[in-house]
Amino acid sequence: MAFYDYSVTTRNGEEFPLKSFEGKVVLVVNTATGCGFTPQYEPIEKMYETYHEQGFEVLDIPCNQFAGQTPGTDQQVHEFCQLKYKTQFDQMKKSDVNGENSLPLYKWLKEQKGFEGMGKGPAALAMNLMLKKLDKNYKSNPDIKWNFTKFVIDRKGNVVARFEPTADMKKVEECVKSLL
């Protein structure tokens, strides 16, 4: 299977085929409304505003698997994003990204780009310490480690990069921009 063969469910319960994104650069991100990384919505929205007309899309998949940081209904999540961050891209149905109930899309994404580390800096160090307490073998599996893990998909549907939540958003933008 390839990226365009999958679909996700919209917050209104409708099937959304990823074939709709064919020929576009896509940022796939598992989000949360109550996380220390939630302010990343701001640079993501800025990228959307800047590059959307050049063929950039955001696939926002809220997830409540990490410390319950995405409470509320799908509609409440959407309203939060619009009011607080003025997002113009939609939020999909809240979904799992790990475990037996994870979206098939996420199983495929993790097969394409596994976990390569949190990087450097204070946030990365803090995440590594927290993750080690939750799973001493966290480095050896491809699971999504936390909210705001990002995958960049090129115009042909290939996964070209995975960015952990601790990654510099400027590097994410550079990657997206290089594909447009």
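As a starting point, this report considers the structure included with it. (Residues numbered from 1 in each chain as written. Predicted model: local features only at pLDDT ≥ 70, side-chain atom pairs only at ≥ 80, totals over all residues. Heavy atoms only, no water.)

**A closer look at the pattern of salt bridges**
Inspection of every chain in the model, using the stated rule, returns five salt bridges. Between Glu22 and Lys19 there is a salt bridge, and its shortest N-O distance comes to 2.9 Å. According to the relative accessible area criterion, Glu22 is partly exposed, its value standing at 42%. A relative accessible area of 49% means that Lys19 is categorised as partly exposed. Two residues, Lys24 and Glu57, come together in a salt bridge whose shortest N-O distance is 3.6 Å. Taken together, the positions of Lys24 in the loop between strand E2 (15-17) and strand E3 (25-31) and Glu57 in strand E4 (residues 56-62) put the pair 33 residues apart, joining distant regions of the chain. For Lys24, a relative accessible area of 28% puts it in the partly exposed group. (Salt bridge = Lys/Arg side-chain N within 4 Å of Asp/Glu carboxyl O. Buried < 20%, exposed > 50% of the residue type's maximum accessible area, 1.4 Å probe, protein only. Helix = DSSP H or I, 4+ residues; strand = E, 2+ residues; numbered from the N terminus.)

**Concerning the packing of helix H1 (residues 41-51) against helix H5 (residues 169-179)**
One can describe the packing of H1 onto H5 by two numbers: an axis separation of 11 Å at closest approach and a directional angle of 25 degrees. Relative to H5, the element H1 is oriented roughly parallel. H5 is crossed by H1, and the crossing has right-handed handedness. Within the contact between the two elements, H1 uses Pro43, Ile44, Met47 and Tyr51 and H5 uses Met169, Val172, Glu173, Val176 and Lys177. Partitioned by chemical class, the residues of the contact of H1 with H5 number seven nonpolar, no polar and two charged. (Axes fitted to C-alpha atoms, helices over the stretch in contact; angles between N-to-C directions. Parallel < 35°, antiparallel > 145°, perpendicular 65-115°, else oblique. Left-handed = near helix turned anticlockwise from the far one by under 90°. Contact = heavy atoms within 4.5 Å. Nonpolar A, V, L, I, M, F, W, Y, C, P; charged D, E, K, R; others polar.)

Read these as geometric descriptors, not functional statements.
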